[in-house]
Amino acid sequence: MMGSLHIKESYLSRRAMESRNGDVRNPTEVRMSQMVLPCHANHRGQLSTGQLLKWIDTAACLSAERHAGCPCVTASMDDIYLEHTISVGHVVNLKTKVNRAFNSSMEVGIHVTSEDLCNGKEWKVCQAFATFVAQPQGNKKVKLKPLTPLTEEEHLEHSIAAERRRMRLVHTDNIKDLLTRSTQQERSREGGMNGEVLAQKTRVESVELVLPPHANHQGNTFGGQIMAWMENVATIAASRLCHAHPTLKVIEMFHFRGPSQVGDRLILKAIVNNAFKDSMEVGVCVEAFCHDVGVPRRHINSAFMTFVVLDENNHPCILPRMKPEPGDGERRYREAIARRKIRLDRKYVISCKQSEVPLSVPWDPCNQVYLSYNNVSALKMLVSKTDWVLASEINKVRLYTLEDGSFLSFKVEILVSIDARQTFNLLSDLTRRSEWDRYYKECRLLQQVNEDDAIYHVVSTVRSADGKLQDFIILASRRLPCDVGDPYVVAFRSVTLSTHPPCEEYTRGETLCSGLCIWSQGPMTKISYYNQFTPGIVSQLTTNITGLSSDFAVTYQACEQFLIDNVKDSNRP
């Protein structure tokens, strides 16, 4: 207890000193630098990914425990995309900090770079997000204190952390659902069976005895150590397929299902599930058992890792084809195909830069969770910007603009005396928007995806250059506040539906990022509407900015009157 008090006092002293120096640092931030020595390297003289995972888990755990003030354990790790290898002699720089704390869990953001001390160059290696759970001491329940973001970046991560948490909670069920729906694809066998590697030849089984050096300060097996052992057996399995030294590129999101302790034996099993043109998926399973007779094995973890084989120019090589084992092997083979599609969808929708993502992304069941996530997080990224400039104010309706690189965005803001939840219920129903927004001619529900997401066909009163009215296929994603102070959110973005292609009657428009955020502010409710610039609204926007029109003021005054007139109907769940 005294040690804990001493640690907290040192953090407060350091933070006060940083504040005096003008450098306010998040008190949970941990910076770690490690020189890559030959003992950390693999056969190619590059940092072993297993060693990197140990360092990542160590630094992230320190951040979590700084905030919690008590021991913490790794609960899950999001997808990790390894962008660069790291050579012996380079320095690995890790920066971790808690993005947001929930009840007993918290999200830790991880940023890893490598540095060449000889020329001063630095490269991004990966960015990851881990979830840690605070461990109660005795029978005392843990209730984590809220985290107060200090910078624009921290406000953004704090806001989006709630959406990432939502995606993690449905990840397992979503994967199961998608795999169930995936069709059994016939494998083409050009050239017959020649050259195929039997999957059973890639099978690896290894046992590890958990010793005190492998444990954390609670006596449980260190999560980073387990990940390192998993990477080791997966690498062996991948090598048996390609008869070369593979490089790990992707570790998919996984969860720790339970702890293991010093004295436990861990059985690690790995096998290549499928080989694609220039990559392969390896599945790894970890089970724990103790020396007591009759005690069953416990499933600790499972993971899927993607490997490539790089040539001397660091280009992926073509891999041998593989033949799966009958039964479970065929199932794993088909599931690997489905997971690859899911992985590409997830990376495409979530990981790409906003400017590289097309305005309208195809909609299908395989990417709906990630499109919904991207829809809401893109709006929250826009909301978190601090450089909004007040362009005009008419009858208490304020219009703000933001120039950010090649994008121009606007925000309309108004205060109303209607309850925030009632406001949310009314404004999230797009089929009623034409009642207050004269730019909506009609809106028809096409698909109710789930309780929070729906797809609409919207016809606007705005005409394009060819004189036709514009129409849109819009994904609307609703979110209730995750915590006190969070807004109600309704996010919009364009998607494409094969059942509703563009037609001759209208010009198909696109929305990159727009939506409503609704905050409760005592007796008042603040409504903010955001829209990232698209060509269809340029003239409308610039006309209002220069003060030549009061369209925005009229529209959002009509919005307030709509709320007043319909508030009695807004108490539905």
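The sections below set out a description of the structure shown in this document. Predicted, not measured: the structure shown is a model, and the values here were computed from it. (Residues numbered from 1 in each chain as written. Predicted model: local features only at pLDDT ≥ 70, side-chain atom pairs only at ≥ 80, totals over all residues. Heavy atoms only, no water.)

## Details of the overall build of the protein
Here is step 1 of the chain: The number of helices and strands found in the protein is nine helices and 25 strands.
Here is step 2 of the chain: Counting only residues that meet the buried cut, the protein has 51% of its 573 residues in that class.
Here is step 3 of the chain: In the protein, 68% of the contacts between residues at least 6 apart in sequence involve partners at least 24 apart. (Helix = DSSP H or I, 4+ residues; strand = E, 2+ residues; numbered from the N terminus. Buried < 20%, exposed > 50% of the residue type's maximum accessible area, 1.4 Å probe, protein only. Contact = heavy atoms within 4.5 Å.)

## Points about the pattern of salt bridges
Here is step 1 of the chain: In this structure the tally under the stated criterion is 26 salt bridges.
Here is step 2 of the chain: Close ionic contact of R168 with D78 constitutes a salt bridge, the shortest N to O distance being 2.8 Å. A residue pair is termed long-range when its members are at least 10 positions apart, and R168 in helix α3 (residues 152-181) and D78 in the loop between β2 (72-77) and β3 (80-81) qualify at 90 residues.
Here is step 3 of the chain: Look at R168 and you get buried, because its relative accessible area is 7%.
Here is step 4 of the chain: Among the ionic pairs, R100 bridges to D486, the shortest N-O distance being 2.6 Å. Here R100 is found in strand β4 (residues 91-101), whereas its partner D486 is found in the loop between β21 (469-479) and β22 (488-496), with 386 residues between them in sequence. (Salt bridge = Lys/Arg side-chain N within 4 Å of Asp/Glu carboxyl O.)

## Side note on the sheet that holds strand β9 (residues 247-251)
Here is step 1 of the chain: Reading across the sheet, the six strands line up as β3-β9-β13-β12-β11-β8 and stay open at both edges, with antiparallel pairing between neighbours. Of all the strands in the sheet, the pair left with one neighbour each is β3 and β8 (204-209).
Here is step 2 of the chain: The strands that helix α4 (residues 223-242) touches are β8, β9, β11 (265-275), β12 (280-289) and β13 (298-308); relative to β11, the one it contacts most, it runs at about 40 degrees. (Pairing = 2+ DSSP bridges. Axes fitted to C-alpha atoms, helices over the stretch in contact; angles between N-to-C directions.)

## Some thoughts on helix α6 (residues 368-383)
Here is step 1 of the chain: Look at α6: 23 Å from first C-alpha to last across 16 residues, which is about the 22 Å you get at 1.5 Å a residue.
Here is step 2 of the chain: For α6, a buried count of 14 out of 16 residues is recorded, marking the element as mostly surrounded by other parts of the structure. (Expected span 1.5 Å × (residues − 1).)

## Some details on the packing of aromatic side chains
Here is step 1 of the chain: This model, assessed by the stated rule, comprises seven aromatic pairs.
Here is step 2 of the chain: Judged by centre distance (5.7 Å) and plane angle (65 degrees), the rings of W388 and Y530 are edge-to-face. One end of the pair, W388, is in the loop between α6 and β16 (389-394); the other, Y530, is in strand β25 (residues 524-532), and 142 residues separate them in sequence.
Here is step 3 of the chain: By relative accessible area, W388 is classed as buried at 13%. (Phe/Tyr/Trp six-rings, centres within 6.5 Å; stacked < 30°, edge-to-face > 60°.)

## Details of the side chain of T28
Here is step 1 of the chain: You can see T28 is positioned in the loop between α1 (2-20) and β1 (30-35).
Here is step 2 of the chain: Polar side-chain contacts of T28 include one of 2.7 Å to the side chain of N26.
Here is step 3 of the chain: Setting aside residues up to four positions removed in sequence, T28 forms contacts with S63, R66, H67, T96, K97, V98 and L147. (Polar contact = N/O pair within 3.5 Å; in protein donor to acceptor, adjacent residues only side chain to side chain.)

## So, the nonpolar core
As a rule of thumb, nonpolar side chains are buried together in soluble globular proteins.
Here is step 1 of the chain: Counting 72 residues, the largest nonpolar core has V92, M106, I110, V112, F132, M280 and V282 as the members making the most contacts within it.
Here is step 2 of the chain: Look past the residues within four positions of V92 in its chain and what remains in contact with it is M32, S33, Q34, V36, L47, L52, W55, I86, V112 and T113.
Here is step 3 of the chain: F492, F552, Y556 and C559 belong to the second largest nonpolar core, which has 34 residues in total. (Core = buried A, V, L, I, M, F, W, Y, C linked by side-chain atoms within 4.5 Å.)

Remember, this is a structural readout, not a statement about activity or role.
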